[in-house]
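Structural description and commentary
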Amino acid sequence: MEPALIGTRLASAAIGPLLKKLLASEVPGAGLVRKDAEVRLSGLVSFRGEKRTLTEKDVRKLAATLVERSRQGAGEPPFPADETEAVTDALAANLLALGDLDMDDVQAVRLGHRDLARRLRAAAPAPDGLSTDSVLYLETMTEWACLHILEFFTRRSTFIARSLVEQTRAQAELLAGVDAVLTRLPAAESRDAAFERRYLAHLAKKHGRLTIYGVDLHHSPDEWPLDMAYLSLEATGGEGAPEAPGRQREQASVRADLALARHERVLLRGLAGSGKTTLVQWLTVSAAATEDRPEGMAYLRGRVPFVLPLRALTRHGERLPSPDRFLSAAGCPLTPPDGWTDRVLAAGRGLVLVDGIDEIPEAERGRARDWLRDLLGAYEGNRWLVTSRPTAVRDDWLAPEGFAELALAPMARTEVTTFVRRWHKAAGPDAAVYEQPLLDALRTAEHVAQLATNPLMCGLICALHRDRRGFLPRGRKALYEAALSMLLSRRDRERDMGAPTGLVLDEAPQIQLIQRLAYWLTLNGRTQLDRAHAASIVTEAVPAVPDASAYPPDRVFTHLLHRSGLLREPTADTVEFVHRTFQDHLAAKALVDHWDIGVLVRHAADDQWEDVIRMAVGHARPRECAEILRELLSAADATEDRRTRLRLTLLAATALDHATELSPEVRGEVLRRTGEVIPPRSFEEARQLAQVGPLVLELLGAPEELTDEEAVHSVTTASHVTTDAALLYLARFVRHPSLEVRSQLMWSWFRFDPRSYAEEIVARLDPSDLIFTVGGDEQAAELVRLGLTPLRLSIDSPVSEDLKARLLSLCDPVRLQLKQVGGVAKLPPLPPSSRLSRLELFQFNPATTLDLAPLSALAHLKRVGVYGPGSVIGVESLPPRIHVDIRRSSIL
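A brief structural summary. (Residues numbered from 1 in each chain as written. Predicted model: local features only at pLDDT ≥ 70, side-chain atom pairs only at ≥ 80, totals over all residues. Heavy atoms only, no water.)

With that settled, the discussion passes to the overall build of the protein chain. Counting its secondary structure elements, the protein chain contains 39 helices and 20 strands. Total accessible area on the protein chain stands at roughly 40,800 Å², and carbon and sulfur atoms take up 51% of it. (Helix = DSSP H or I, 4+ residues; strand = E, 2+ residues; numbered from the N terminus. Areas by Shrake-Rupley, 256 points an atom, 1.4 Å probe, with all protein chains shown as cover.)

In structure tokens:
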């Protein structure tokens, strides 16, 4: 029973005087000159001392009165009636124990009524044989009595004075204690604070720049400010291992640099170049910032980073460092005060960044995990990030230690665009001119876009593009060779990685072995094979590669899988290339090495082999290159299917740019055959060429090279190839002087994404004499969003009435076409001030009736055309200035 419930039965005005009898009369003053400087409870009760006014018998009577009165009133009795005497004795014992407590009144008030009641019950004899209800009543009644007793204490005139004296003494003692601590330890704290400032400044400077390894270019800087070049990528997964890379986007994702805000411990997996080390740098710099932290990084405030690259910690076989050696082992030139690292970690202020589990020998990774476990057991409250390539450790490697497992996701198209823009900004003003051409190339050159899925490859492409003054290698060979060189050898060598797998293999032997896998996958029309089968292919090839034959084949395969950066394991028992384009490149090299030209030609009509064939032309020597092209033309002549014939001819034409050297005769023959179909000469040819696919876009002529008729047909072809590359080609015609060309561009809007087409084509079209056609709500909304106000407008019936009204209000056209008008309600309201002079209405439903009478209010209207089988009324009400043309056909 709560004190408040007891209080409903015992009014304070009636019971207060009873309880006050337990206390002695107060004496004026604070009691500071008494012999006994403390006012003990034994001196405040009325049943102790020489001048006591109550006996123990009187206290029992008082307890009996309290018990009796609490049993009165409505409701169920608080305890069994036959236990009344035992309860009364127990309550009296509790009250009498007030005189036995070794404390004063200030201490009692500080305790509170509940703790004081517990002290009384502990000091009194324990009640014996009481029921649960009686025990609960006794506890509650004692608390209620203590509540009144403490109230009496606080009303005594001496209490406030003594409380202030007690508080003053406590503050003086606290100040003295603090002064003593400061006197003993002033140097350690000041040294820690001073060193921490120097250390954070050192980290900000050291990690504040981004390096791309493996790029050997004359005109590109090798470092960029991190805050300019860093791109926050997504990490997918959760508590367990990530799914296969192809399904990562379906999982819950979080910004990688915010993962430690959600999880105290994270194991982050990522492919070579996916941005793991860059993320470590970003977290370090964000934590080291003293003022403006990047958006979302406030959770690192007060954290002290410890960057521990495992490749550097174990380079010479050293044992992994204890906390006091963190800085020296990581190459930090600063010397911390003794015990500083321990104090930071013990306070839970550390940000421990362990980078590159995959970069130490496999035999040492178990020891690394034990080292981590020891650190985790010794220090709590810190944040921990461990990075690794996907296949270096098993899925649950750190799960028992509470690590969430996340995987860096490939860069989306918007992230690639952001990266390219930041890269060019970081590279300086001289690089700005190359930014947009590269963004265009990433959209039109599929092989480049397929490579640009992680920061490392994006950086390589940016650097190559700038170094070549805005041109990427058209034959791709230089691009892939630069990428392979970086991934297979230079990146690890320039990072001073040593040999984490115990093997030292140059670039050439690795390519020879990996291309065997590419050859098998391509020949069998697959992109993935069993791990055991992949290992057997490498095992069979190792004896023929001298540099690799010195090592056990299984170790060679493990090295290629974990260190090449070209292969990955989407599941525990399968292997695939990180990019399909690498597979195509190496398969083409293997096919040329084996001279399997028959295989190439047999698959020439298969669009999955397009890149392989073009890359084979790039790998082939001049005579071999000529033979491949001749065979393609012969195959085109041999087929009766026009689409296949066109495809093979155009494939040969697009492969010309990949040839490093080719006889003029062969080149001329390919160009002659291409000239027979490019540019298209009719709308029928244009549509047939479009069936070839994006391949044709590389051959269509530029606006300045074409006649008006050729331009119309070329635009028609491109408009049927609904890719980003087609958008860029079409955008070159937006200012074409031919109205037919621009009209074809306008009519093609429905084939593409409404927003992209509106921004890149419609918004830039020369509006001279052009009718802007709106076929649906999405297109209408884009015109409204972009604020476009064409003078000539054609609106189809799928456009809703609301958007139709908004569009007409915005544009106020002089010429308007409304199609499939169904009745009076379908005519949008036009204000009398409208500048509309020509209106054309198309009725395709014979059952509709159209009332033209409301048009008489339009002051500028001069001509109305009504086409279609529906009925027309209200013509006689129109003024003579409005000419009406009614036709039953629905021609434009």
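And the narrative resumes.
Looking now at the sheet that holds strand E11 (residues 567–568). Here three strands make up an open sheet; going across it, the order is E10-E12-E11 and the pairing antiparallel. A single partner strand is all that each edge strand has here, and the edge strands are strand E10 (528–530) and E11. With two bridges connecting them, E11 and strand E12 (residues 574–577) associate as antiparallel partners. Directly across from Leu567, in E12, lies its bridge partner Phe577. Relative to E12, helix H23 (residues 507–523) is tilted by about 95 degrees, and along the sheet it contacts E10, E11 and E12. (Pairing = 2+ DSSP bridges. Contact = heavy atoms within 4.5 Å. Axes fitted to C-alpha atoms, helices over the stretch in contact; angles between N-to-C directions.)

For the rest of this paragraph, the subject is the packing of H23 against helix H26 (residues 553–563). At a minimum axis separation of 11 Å, H23 and H26 run at an interaxial angle of 90 degrees. In terms of orientation, H23 and H26 fall into the roughly perpendicular class. Contacts from Gln510, Leu513 and Ile514 of H23 reach H26 at Val556, His559 and Leu560. Here the residues of the contact of H23 with H26 sort into four nonpolar, two polar and no charged. (Parallel < 35°, antiparallel > 145°, perpendicular 65-115°, else oblique. Nonpolar A, V, L, I, M, F, W, Y, C, P; charged D, E, K, R; others polar.)

A separate point is the sheet that holds strand E14 (residues 792–795). With parallel pairing, six strands are arranged side by side in an open sheet as E13-E14-E15-E16-E18-E20. Two strands bound the open sheet, and with one partner strand each, they are strand E13 (772–774) and strand E20 (883–887). Between one strand and the next, the sheet's axes are offset by a mean angle of 10 degrees, whatever the strand orientation. Taken together, the four bridges between E14 and strand E15 (residues 815–819) define a ladder with parallel strand orientation. When the bridges of E15 are listed, Arg792 appears paired with Arg815. Its contacts with the sheet place helix H39 (residues 801–811) against E13, E14 and E15, and it is angled at close to 175 degrees to E14.

The next point concerns unusual backbone geometry. Here the amide bond leading from Ile678 into Pro679 is cis, since omega sits at 0 degrees, within 30 degrees of zero. Along the chain, Pro679 falls in the loop between helix H32 (664–675) and helix H33 (683–690). Despite not being glycine, Trp595 has its phi angle at roughly 50 degrees, a positive value. Secondary-structure assignment places Trp595 in the loop between helix H27 (580–594) and helix H28 (597–602). On the basis of relative accessibility, which here comes to 27%, the residue Trp595 falls in the partly exposed class. A positive phi angle is found at Asp812, which is not glycine, with a value near 50 degrees. The residue Asp812 is located in the loop between H39 and E15 in this model. (Buried < 20%, exposed > 50% of the residue type's maximum accessible area, 1.4 Å probe, protein only.)

A grouping of Asp753, Asp777, Glu778 and Asp802 is seen on the molecular surface, where their side chains present a negatively charged patch. Within the secondary structure, Glu778 sits in helix H38 (residues 777–786). On the basis of relative accessible area, Glu778 is assigned to the exposed category, the value being 56%. (Patch = residues over 30% accessible without salt bridge, like charges linked within 9 Å, V, L, I, M, F, W, Y side chains within 5 Å. Salt bridge = Lys/Arg side-chain N within 4 Å of Asp/Glu carboxyl O. Lys, Arg positive; Asp, Glu negative; His and termini not counted. Charge placed at Lys NZ, Arg CZ, Asp CG, Glu CD.)

Right, let's talk about the pairing of strand E16 (residues 838–842) for a bit. Working note: regular strand, side chains alternate between the two faces of the sheet. Most of E16 is tucked away: four of the five residues are buried. Where E15 meets E16, five bridges bridge the pair, whose relative direction is parallel. Across the sheet, residue Leu818 finds its bridge partner in E16, namely Leu841. Note that E16 and strand E18 (residues 863–867) share five bridges and pair parallel. Note that in E18 the partner of Leu841 across the bridge is Val866.

This part covers the pattern of salt bridges. Scanning all chains against the criterion turns up 36 salt bridges. Notably, a salt bridge pairs Arg614 with Glu610, separated by 3.6 Å at the nearest N-O pair. In this pair, Arg614 and Glu610 both sit in helix H29 (residues 610–619), four residues apart, roughly one turn of the helix. In terms of burial, Arg614 and Glu610 fall into one category: buried. Residue Asp611 is joined to Arg614 by a salt bridge in which the shortest nitrogen-to-oxygen separation is 3.3 Å. Highlighted residues: Asp611 and Arg614, both in helix H29, separated by three residues, approximately one helical turn. When its relative accessible area of 13% is taken as the criterion, Asp611 is described as buried. Taking the relative accessible area as the measure of exposure, Arg614 reaches 5% and is therefore buried.

What follows covers the pairing of strand E5 (residues 265–269). Burial analysis of E5 places five of its five residues in the buried class, the great majority of the element. Side chains Arg265, Leu267 and Arg269 of E5 all project onto a buried face; the interleaved residues Val266 and Leu268 project onto the opposite face, where all are buried too. By the bridge criterion, five bridges tie E5 to strand E8 (residues 383–388) in an arrangement that is parallel. Its bridge partner lying in E8, Arg269 is registered against Ser388. The sheet contact formed by E5 and strand E9 (residues 404–408) spans four bridges and is parallel. In the sheet register, Arg269 faces E9, and the bridge partner there is Ala407.

This paragraph deals with H23. Look at H23: 24 Å from first C-alpha to last across 17 residues, which is about the 24 Å you get at 1.5 Å a residue. Along H23, the positions that sit buried rather than exposed are Pro509, Gln510, Ile511, Leu513, Ile514, Gln515, Leu517, Ala518, Tyr519, Trp520, Leu521 and Thr522. Gly525 occupies a position one or two residues after H23 and carries a positive phi of about 65 degrees. (Expected span 1.5 Å × (residues − 1).)

Here we take up the side chain of Glu610. Note on Glu610: relative accessible area 13%, which makes it buried. In this structure, Glu610 is in contact with Arg647, Leu651 and Leu695, ignoring residues within four places of it in sequence.

The next thing to look at is helix H13 (residues 276–288). Over its 13 residues, H13 extends 19 Å from the first C-alpha to the last, a length consistent with the 18 Å expected when each residue adds 1.5 Å. Buried residues dominate H13, accounting for 11 of its 13 residues.

So, about the state of the cysteines. Taken as a whole and judged by the stated rule, the model has zero disulfides. The structure places no disulfide on Cys462, whose sulfur is separated from the nearest cysteine sulfur, that of Cys458, by 6.4 Å. According to the relative accessible area criterion, Cys462 is buried, its value standing at 0%. (Disulfide = S-S within 2.5 Å.)

So, on to the nonpolar core. Counting residues in each nonpolar core, the largest one holds 183 residues, and the members touching the most others are Phe582, Leu629 and Leu793. Discounting residues that sit within four places of it in the chain, Leu629 has contacts with Val617, Ala652, Ala655, Leu656, Leu662, Val666 and Val670. Residues Leu19, Leu98, Leu101 and Ala117 belong to the second largest nonpolar core, which totals 42 residues. (Core = buried A, V, L, I, M, F, W, Y, C linked by side-chain atoms within 4.5 Å.)

Where H29 contacts helix H31 (residues 642–655), the two axes come as close as 9 Å, and the packing angle between them is 45 degrees. Relative to H31, H29 is oriented oblique. Considering only the axes of H29 and H31, their crossing is right-handed. For the pair H29 and H31, contact is made by Glu610, Ile613, Arg614 and Val617 and by Arg647, Leu651, Thr654 and Ala655, respectively. (Left-handed = near helix turned anticlockwise from the far one by under 90°.)

All right, on to the side chain of Arg303 then. Looking at the element boundaries, Arg303 is found in the loop between H13 and strand E6 (304–309). In this structure Arg303 is buried but unpaired, with Glu264 as the nearest side chain of opposite charge at 6.5 Å.

Turning next to the packing of aromatic side chains. In total, this model carries 11 aromatic pairs according to the counting rule given. Ring geometry for Tyr199 against Trp340: centres 5.4 Å apart, planes inclined by 75 degrees, an arrangement best described as edge-to-face. Taken together, the positions of Tyr199 in helix H10 (residues 186–206) and Trp340 in helix H16 (residues 340–346) put the pair 141 residues apart, joining distant regions of the chain. Exposure remark for Tyr199: the relative accessible area of 3% places this residue in the buried category. In textbook terms, an aromatic cluster arises when at least three aromatic residues are bridged by ring pairs, as seen for Phe195, Tyr199, Phe306, Phe326, Trp340 and Trp371. (Phe/Tyr/Trp six-rings, centres within 6.5 Å; stacked < 30°, edge-to-face > 60°.)

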